[in-house]
Amino acid sequence: MNTPLLVRHPAPYPTESLLGYVLRVSEDNGYCSPWSVYRLAGMKSNERKTPGVNLEKLARIINWPQDRLDSIAYSAPAGQPRWCRLLGHPVLPQDLNLTHPRFCPQCVREKGFLEAHWDLRLMVACPVHRCLLISSCPECGRRLRWFRHGLLECECGGDLSTCELSSTLEAEASLLHMIRRKALSCPPDENNPMRLPQDQLMAMGLRSMLLALRTIAKHRILADGTGDRNSAREIVSAAARVLVEWPANFIALLEDIGRQLPADTSGGVGKQFGAIYWGLFRNKAMGDPKQTEFLRVAFLDFATNHWGRGFVDHKIIRKLGGTGPKRFLTQTEFAAKIGVQQSTAARLLR
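Analysis parameters
Residues numbered from 1 in each chain as written. Predicted model: local features only at pLDDT ≥ 70, side-chain atom pairs only at ≥ 80, totals over all residues. Heavy atoms only, no water. Core = buried A, V, L, I, M, F, W, Y, C linked by side-chain atoms within 4.5 Å. Buried < 20%, exposed > 50% of the residue type's maximum accessible area, 1.4 Å probe, protein only. Helix = DSSP H or I, 4+ residues; strand = E, 2+ residues; numbered from the N terminus. Contact = heavy atoms within 4.5 Å. 1 Å grid on protein atoms, 1.4 Å probe; cavity = no way out; pocket = protein on both sides within 12 Å on 5 of 7 lines; lining within 4 Å. Points joined across faces, edges and corners; volume = space filled by probe spheres on them. Nonpolar A, V, L, I, M, F, W, Y, C, P; charged D, E, K, R; others polar. Phe/Tyr/Trp six-rings, centres within 6.5 Å; stacked < 30°, edge-to-face > 60°. Lys NZ or Arg CZ within 6 Å of the ring centre and 35° of its normal. Polar contact = N/O pair within 3.5 Å; in protein donor to acceptor, adjacent residues only side chain to side chain. Axes fitted to C-alpha atoms, helices over the stretch in contact; angles between N-to-C directions. Parallel < 35°, antiparallel > 145°, perpendicular 65-115°, else oblique. Left-handed = near helix turned anticlockwise from the far one by under 90°. Expected span 1.5 Å × (residues − 1). Salt bridge = Lys/Arg side-chain N within 4 Å of Asp/Glu carboxyl O.

## Considerations on the nonpolar core
Next, step 1: Among the nonpolar cores identified, the biggest contains 107 residues, and F103, W118, L120, F250 and F273 are the most heavily contacted of them.
Next, step 2: Looking at this core, the element that brings in the most residues is helix α9 (residues 206–224), giving 10 residues.
Next, step 3: Each residue touching L120, except ones within four places of it in the same chain, is listed here: L86, D95, L96, N97, R102, I179, A183, L206 and L210.

## Observations regarding empty space enclosed by the protein
Next, step 1: On inspection of all chains with the given rule, the structure shows one cavity of 30 Å³ or more.
Next, step 2: Surrounding the largest cavity, S17, P101, R102, F103, L114, E115, W118, D119 and W146 form its lining.
Next, step 3: Here the lining of the largest cavity is built from residues that sort into five nonpolar, one polar and three charged.

## So, the packing of aromatic side chains
Next, step 1: Enumeration over the complete set of coordinates arrives at 13 aromatic pairs.
Next, step 2: Ring plane angle 10° and centroid distance 4.0 Å describe the contact between W35 and F147, whose orientation is recorded as stacked. With a gap of 112 residues between them, W35 in helix α2 (residues 35–40) and F147 in the loop between β4 (131–132) and α7 (170–183) connect regions that are remote in the sequence.
Next, step 3: A relative accessible area of 30% places W35 in the partly exposed class.
Next, step 4: Plain terms: the ring middles of F273 and W307 are 5.1 Å apart, the flat faces sit at 80° to each other, and that makes the pair edge-to-face. Taken as a pair, F273 in the loop between α12 (269–272) and α13 (274–281) and W307 in the loop between α14 (293–305) and α15 (314–319) lie far apart in primary sequence, 34 residues in all.
Next, step 5: For F273, a relative accessible area of 2% corresponds to the buried category.
Next, step 6: Residue W307 is classed as buried on the basis of its relative accessible area, which comes to 11%.
Next, step 7: Above the face of the W278 ring, R282 is positioned so that its terminal group lies 4.4 Å from the ring centre.

## Thoughts on the side chain of K57
Next, step 1: Mapped onto the secondary structure, K57 falls in helix α4 (residues 55–62).
Next, step 2: Engagement of the side chain of K57 in a polar contact is seen with the side chain of E47, the distance being 3.0 Å.
Next, step 3: If we skip the residues at most four places from it in the chain, K57 touches A41, G42, M43 and E47.

## A word on the environment of S166
Next, step 1: As for its position among the elements, S166 is in the loop between β4 and α7.
Next, step 2: In this view, S166 contacts R130, C131 and L132; residues no more than four positions away in its chain are not counted.

## What to know about the packing of helix α11 (residues 248–259) against α14
Next, step 1: Two elements in contact, α11 and α14, have axes whose closest approach is 10 Å; the angle formed by their N-to-C orientations is 55°. The angle between α11 and α14 falls in the class oblique. The chirality of how α11 crosses α14 is right-handed. Here F250, I251, L254 and E255 of α11 come into contact with α14, specifically with L295, A298, F299, D301 and F302.

## Quick look at the layout of surface pockets
Next, step 1: Roughly 270 Å³ of volume is contained in the second largest pocket.
Next, step 2: Looking at the second largest pocket, it is lined by 15 residues, and the ones nearest its centre are L19, R48, L98, W146 and F147.
Next, step 3: Every element with two or more residues in the lining of the second largest pocket is listed here: α1 (18–28), α2 and α3 (45–48).
Next, step 4: Ranked by residues supplied to the lining of the second largest pocket, first place goes to α1 with three residues.
Next, step 5: Looking at the lining of the second largest pocket, its residues break down into nine nonpolar, three polar and three charged.

## Considerations on α14
Next, step 1: Between its terminal C-alpha atoms α14 stretches 18 Å, which fits the 18 Å expected from 13 residues at 1.5 Å a residue.
Next, step 2: Taken as a whole, α14 has its buried residues at F294, L295, R296, A298, F299, L300, F302 and A303.

## What to know about the pattern of salt bridges
Next, step 1: As enumerated under the stated definition, the model contains 13 salt bridges in all.
Next, step 2: The salt bridge partner of D224 is R241, with a shortest N-O separation of 3.1 Å. Here D224, found in helix α9, pairs with R241, found in helix α10 (residues 232–243); they are 17 residues apart in sequence, far enough to count as distant.
Next, step 3: Take D224: its relative accessible area is 32%, and that puts it in the partly exposed class.
Next, step 4: Residue classification places R241 among the partly exposed positions, given a relative accessible area of 39%.
Next, step 5: Here R259 makes a salt bridge to D256, at a shortest N to O gap of 2.2 Å. A residue pair is termed a helical-turn pair when its members lie 3 or 4 positions apart in one helix, as R259 and D256 do in helix α11 at three residues.
Next, step 6: Each of R220, D224, R241, D256 and R259 takes part in salt bridges that share partners, so that together they form one network.

## Notes on the environment of W246
Next, step 1: Structurally, the position occupied by W246 is in the loop between α10 and α11.
Next, step 2: In this structure the C-alpha to C-alpha distance between W246 and A298, which are 52 residues apart in sequence, comes to 8.9 Å.
Next, step 3: Setting aside residues no more than four positions away along its own chain, W246 makes contact with R195, P197, F294, L295 and A298.

Structure (structure tokens):
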């Protein structure tokens, strides 16, 4: 028995959200909800769940090759069953927001589809129109769902394009603009008025970039003593405050953390600032250490030029290709420098 085809089968856009594409196909074919598309494809309930949507069955009814859908799918990359994808970028499920859609209605009106970067949990505002996203219907007040009448039409029939959207700060918009370009595989923007380390962040993988932003934001929120570390909007706000005017505000964050340390704190600076140091530089989930080298350089600048308590392990300096005199010596180096035994050096140091 042949699978029935839809009357209209528009092609997916290369940067389109998969869930948004199914909604667009449903709307183009006059259905009230994407449920009809899934039923026509003969998909069971578990085959409709993200990120493992059954692309083979979906491809049959829309009359497009499965690989066209696979390029915008969320399914796990090969050999990484616990991961997901966003336009080919490996990410973790917690990086995505696939249950409570949010988007910029102005972008949808201009493009005619939902871009995939809206599926990222940290995309809380539109960097193009510098406004917060719509997440509920302006008429019925209910939270938006994927199973609605159309891209800009709520289940109640409300027009989602009529929302009055609040503006967002330039720093936050600049950071989100960078995330958007990374997700869509666009090159870095030539303009960088907020002086973000955008070339360095854009050189990272999407997952590594998101993790670095979350780590930085968490420590900014902790240092401030206010805010919700689980709120995507506050994470973006905190990360933006640290990353603009790079590296001045990152160094300011470290100084704020340092002021909260006990007065008798001593030893290695990496140990003193262990939480943020391990989160950024010793966390294997961050990926290739070369990707975070710009963060390490800024940390080293703080440790050697701004922080007067403790010492910097010279291994860190060598890893960065640093040269020049050392501010601190190990006990072994001190003993060799003055020509005494280790025991004598230890006694002198005591």
